[in-house]
Amino acid sequence: MMEEMNPQVYQQITDLIAEGEKYFDLDQFDSAIGKFNEALDLVPLPKNDWEVGTWLYATIGDAYFMQEKYQEAADSFYDAYNGNVKSPFINLRLGQCLYELGQFEKAEDFLMRAYMLDGTDIFEGDGEKYLAHMRTKYDLD
């Protein structure tokens, strides 16, 4: 059984997340990452044992992804993945980052995991090019 987080600390974390989300929604990704990292600093170790820690790693990774900083994004998504291997979104974004870094074999592994968890729906939007790539390798659908 996991211990409870200190309620005051959790409130500080959620306040920082709210600030970070405002920046994220305005495409001010560096400011968003700063707030999310401040929140992450307050999460007890090991950070990815906490749902909020995993969420923060994924959100930081997503902000880096939006900036096309794929190595930084992949690093954050690996941390998020260690907290939630069954998240279609985490698997998708990690696969996308690795694809953009030219690590196609690893990328295909994570993209296939995303597909196995959520089918083609997870690729809607900014995942179409990755789904097209996967279709050249695998019989999907």
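Residues numbered from 1 in each chain as written. Predicted model: local features only at pLDDT ≥ 70, side-chain atom pairs only at ≥ 80, totals over all residues. Heavy atoms only, no water.

### Some details on helix 3 (residues 51-66)
The following threshold applies: Under the DSSP-based scheme used, a helix requires at least four consecutive residues in state H or I and a strand at least two consecutive residues in state E, with every element numbered from the N terminus. Between the first and last residue of a helix there are one fewer steps than residues, each counted as 1.5 Å, and that sum is the expected span. Relative accessibility under 20% of the residue-type maximum defines a buried residue, over 50% an exposed one, and the middle range a partly exposed one, all with a 1.4 Å probe and only protein chains included.
The terminal C-alpha atoms of helix 3, which comprises 16 residues, lie 22 Å apart, in line with the 22 Å expected from a rise of 1.5 Å per residue. Most of helix 3 is tucked away, with 13 of its 16 residues classed as buried. Positive backbone phi, approximately 60°, marks Glu68, located one or two places after helix 3.

### Here we look at the environment of Glu21
Convention followed: Residue contacts are defined here by distance: any two heavy atoms, one from each residue, within 4.5 Å place the two residues in contact.
Within the fold, Glu21 resides in helix 1 (residues 7-25). Distance from Glu21 to Ala32, taken between C-alpha atoms, is 6.5 Å for residues 11 residues apart in sequence. Excluding residues within four positions of it along the chain, Glu21 makes contact with Phe36 and Trp55.

### Topic: the nonpolar core
To be explicit about the condition: To form a nonpolar core, buried Ala, Val, Leu, Ile, Met, Phe, Trp, Tyr and Cys residues must be joined to one another through side-chain atoms within 4.5 Å.
Counting 45 residues, the largest nonpolar core has Ile13, Val43, Val52, Leu56 and Phe123 as its most contacted members. Broken down by secondary-structure element, the contributors of at least two residues to this core are helix 1, helix 2 (29-42), helix 3, helix 4 (70-81), helix 5 (88-100), helix 6 (104-118) and helix 7 (128-137). Take this core: its biggest share by element is 8 residues, from helix 3. Once residues lying within four places of it in the same chain are set aside, the contact partners of Val52 are Met5, Tyr10, Ile13, Ile17 and Val43.

### What to know about the packing of aromatic side chains
Under the convention used in this document: For this analysis, a ring pair means two rings from Phe, Tyr or Trp (six-membered ring only for Trp) whose centres lie within 6.5 Å, classed as stacked if their planes differ by under 30 degrees, edge-to-face if by over 60, and tilted for the remaining angles. Whether a charge sits over a ring depends on NZ of Lys or CZ of Arg being within 6 Å of the ring centre and within 35 degrees of the ring normal.
If you walk through the whole model with that rule in mind, you get 8 aromatic pairs. Seen in terms of ring centroids, Tyr99 and Phe104 are 5.1 Å apart; in terms of plane orientation they differ by 75°. Their pairing is edge-to-face. According to the relative accessible area criterion, Phe104 is partly exposed, its value standing at 38%. A network of ring pairs unites the aromatic residues Tyr78, Tyr81 and Phe110 as a single cluster. Between Arg113 and the ring centre of Phe110, over which it is positioned, the NZ or CZ distance is 4.8 Å.

### Considering the side chain of Asp62
Operational definition: Pairing of N or O atoms within 3.5 Å defines a polar contact, subject to two protein rules: one partner must be a possible hydrogen donor and the other a possible acceptor, and residues neighboring in sequence count only if both atoms are side-chain atoms.
Residue placement: Asp62 occurs in helix 3. When its relative accessible area of 11% is taken as the criterion, Asp62 is described as buried. For Asp62, the side chain forms a polar contact with the side chain of Arg93, separated by 2.7 Å. Discounting residues that sit within four places of it in the chain, Asp62 has contacts with Phe24, Phe77, Phe89 and Arg93.

### Points about the packing of helix 5 against helix 6
As a reminder, the rule being used: Lines fitted to the C-alpha atoms define the axes, with helices restricted to the stretch that makes contact. Angles between their N-to-C directions range from 0 to 180 degrees. Angles are sorted into four bins: roughly parallel if under 35 degrees, roughly antiparallel if over 145, roughly perpendicular if 65 to 115, and oblique for all others. Note on convention: near helix rotated counterclockwise from far helix by under a right angle means a left-handed crossing. Clockwise means right-handed. Any residue that is not Ala, Val, Leu, Ile, Met, Phe, Trp, Tyr, Cys, Pro, Asp, Glu, Lys or Arg is counted as polar, Gly included; the first ten are nonpolar and the last four charged.
At their nearest, the axes of helix 5 and helix 6 sit 7 Å apart, and the two run at 155° to each other. As summarised for this structure, helix 5 and helix 6 are arranged roughly antiparallel, according to the angle between their axes. Here helix 5 and helix 6 pass one another in a crossing that is left-handed. Side by side, helix 5 and helix 6 meet where Pro88, Asn91, Leu92, Leu94, Gly95, Gln96, Leu98 and Tyr99 of the first sit next to Phe104, Lys106, Ala107, Phe110, Leu111, Arg113, Ala114, Leu117 and Asp118 of the second. Looking at side-chain class alone, the contact of helix 5 with helix 6 contains 11 nonpolar, 3 polar and 3 charged residues.

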